[in-house]
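For reference, the chains in residue letters:
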Amino acid sequence: MSLLDLHLLGSSTLRTRSVEVAAVDEALRQLIDDLFLTMDTAKGVGLAANQVGITKRVAVVDAESDRFVMVNPIITSAEGRQRAEEGCLSIPEVYGDVTRAERIVLEATDREGRRYTKEAEGLVARAIQHEIDHLDGILFIDHLSALKRQILLARWKKENRGKAVTKSLQPPPSPKK
Ligand code: NI
C-alpha cells in the first residue's frame, strides 16, 4: 500500500468530472487500498480518487464506524434536510455549514466488483454526498453563499500564496516493538 499525495484547492483534478470505472481489477483494488490508507493517515471521514489526482469514480468513506468503498456511486433516492459544518482534506482549515439530504439510498460497486445498495442517514449520508460531489468536480464551498465563499477563498489565497497544490502526508510512526 502507498500513501498518496493530497491534491489541494487549486489542483485541476478537483474540478474535473471523474470518469466511470470500467472494471474492478487488481489495479483498482490497489487504488482502493491506497485511498483507505491515505484517508486514515489524514484522519478524514472520506476521500475521493480525484483528491489524489486520479479522476476515476471511486471514493472511500469511514464515518461512525461505517467503512466502505463506492465505485461508480449514484444516489437513487434522497429525502429530508440536515445542516451541519463540513470541512475537506483538500481545503485544510476551511469550514462552513452545508445543507444536505438527511437520508439517502446509495447504489455503488464494492471492492469485489459487486453492485450493492445501502441506506444511510446523518453523518454517513453527508459523507457520501460530499464524496459524490467530489467525483463531479464539486467542492463543499460551492454550497456556501457567494459572500461566505468569497471571504473564505480570499483568506485561503492569502495564506496559501505560492504554495504547492499537492501535499505529502507523513506516515504514522511505526508501533514500538
Ligand atoms: Ni472533501
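Residues numbered from 1 in each chain as written. Predicted model: local features only at pLDDT ≥ 70, side-chain atom pairs only at ≥ 80, totals over all residues. Heavy atoms only, no water.

Enquirer: Tell me what's going on with the pairing of strand β4 (residues 66–79), and back it up with residues and numbers.
Expert: In terms of strand pairing, strand β3 (residues 58–63) meets β4 through six bridges, oriented antiparallel. Bridge pairing links Val60 to Val69 in β4. Joining the antiparallel neighbours β3 and β4 is a turn of two residues, in which Glu64 adopts a positive phi near 50 degrees. Strand direction decides the pairing type here: β4 and strand β7 (residues 103–109), joined by six bridges, are antiparallel. When the bridges of β7 are listed, Ser77 appears paired with Val105. (Pairing = 2+ DSSP bridges. Helix = DSSP H or I, 4+ residues; strand = E, 2+ residues; numbered from the N terminus.)

Enquirer: Give me helix α3 (residues 146–160): which residues, what numbers.
Expert: With 15 residues, α3 should reach 21 Å at 1.5 Å per residue; the first-to-last C-alpha distance of 20 Å fits that figure. Remark: Gly162 follows α3 within two positions and exhibits a positive phi of approximately 80 degrees. (Expected span 1.5 Å × (residues − 1).)

Enquirer: Could you give an account of the packing of aromatic side chains, with specific residues and numbers?
Expert: Centre distance and the angle of the planes are the two values used to describe a pair of aromatic rings. Scanning all chains against the criterion turns up zero aromatic pairs. Lys118 extends its terminal NZ or CZ atom over the ring of Phe68, reaching a point 4.5 Å from the ring centre. (Phe/Tyr/Trp six-rings, centres within 6.5 Å; stacked < 30°, edge-to-face > 60°. Lys NZ or Arg CZ within 6 Å of the ring centre and 35° of its normal.)

Enquirer: Quick rundown of the nonpolar core? Include the residues and the values.
Expert: Within the largest apolar cluster, 19 residues are counted, with the highest numbers of intra-cluster contacts made by Leu35, Leu47 and Val58. Per element, the largest residue contribution to this core is seven residues, and it comes from helix α1 (residues 26–42). Val58 has contacts with Val21, Leu28, Leu31, Ile32, Leu35, Ala48, Ala49, Val69, Met70, Val71 and Leu135, leaving out every residue within four places of it along the chain. Counting 18 residues, the second largest nonpolar core, distinct from the first, contains Leu106, Ala108, Val124 and Ala125. (Core = buried A, V, L, I, M, F, W, Y, C linked by side-chain atoms within 4.5 Å. Buried < 20%, exposed > 50% of the residue type's maximum accessible area, 1.4 Å probe, protein only. Contact = heavy atoms within 4.5 Å.)

Enquirer: Explain the sheet that holds strand β2 (residues 46–48) residue by residue, including any values.
Expert: Within a sheet, neighbouring strands are paired by backbone hydrogen bonds and run either parallel or antiparallel to one another. Strand order in the open sheet made by the five strands is β2-β3-β4-β7-β8, with antiparallel pairing throughout. Edge positions in the sheet fall to β2 and β8 (115–121), since each has one partner strand and no second. Going from strand to strand, the sheet's axes swing by 40 degrees on average, the running direction of each strand aside. Relative to β8, β7 runs antiparallel, the two sharing seven bridges. By the bridge assignment, Ile104 is partnered in β8 with Ala120. Each of β2, β3 and β4 is contacted by α1, which is oriented at about 40 degrees to β3, the strand it contacts most. Of the strands in this sheet, β2, β3, β4, β7 and β8 are in contact with helix α2 (residues 122–135), which crosses β4 at around 95 degrees. (Axes fitted to C-alpha atoms, helices over the stretch in contact; angles between N-to-C directions.)

Enquirer: Break down the coordination of the nickel ion for me, citing the residues and quoting the values.
Expert: Coordination sphere of the nickel ion, protein contribution only: Cys88 (SG), His130 (NE2) and His134 (NE2), at 2.1 to 2.3 Å. The sequence pattern formed by the donor residues of the nickel ion is C-x41-H-x3-H. Here the residue Cys88 occupies a position in the loop between β5 (82–86) and β6 (96–100), and His134 occupies one in helix α2, the gap between them amounting to 46 residues. Comparing Cys88 with His134 shows no difference in burial state: the two are buried. (Donors = N, O, S within 2.8 Å, 3.2 Å for Na, K, Ca; no water.)

Enquirer: Explain α2 to me, using residue names and the numbers behind them.
Expert: Since one α-helical turn is 3.6 residues long, residues separated by three or four positions face the same way. Between its first and last C-alpha atoms α2 spans 20 Å; for 14 residues at 1.5 Å apiece the expected length is 20 Å, and the two agree. Counting buried residues in α2 gives 13 out of 14 residues, a clear majority hidden from the surface.

Enquirer: Now, about the pattern of salt bridges: what can you tell me, with residues and values included?
Expert: Applying the stated criterion across every chain yields a total of 17 salt bridges. Between Asp142 and Arg15 there is a salt bridge; the shortest N-O distance is 2.7 Å. Linking Asp142 in the loop between α2 and α3 with Arg15 in the loop between β1 (6–7) and α1, this pair joins segments that are 127 residues apart in sequence. Here the salt bridges do not stand alone but share partners, grouping Arg17, Glu20, Arg57 and Asp136 into one network. (Salt bridge = Lys/Arg side-chain N within 4 Å of Asp/Glu carboxyl O.)

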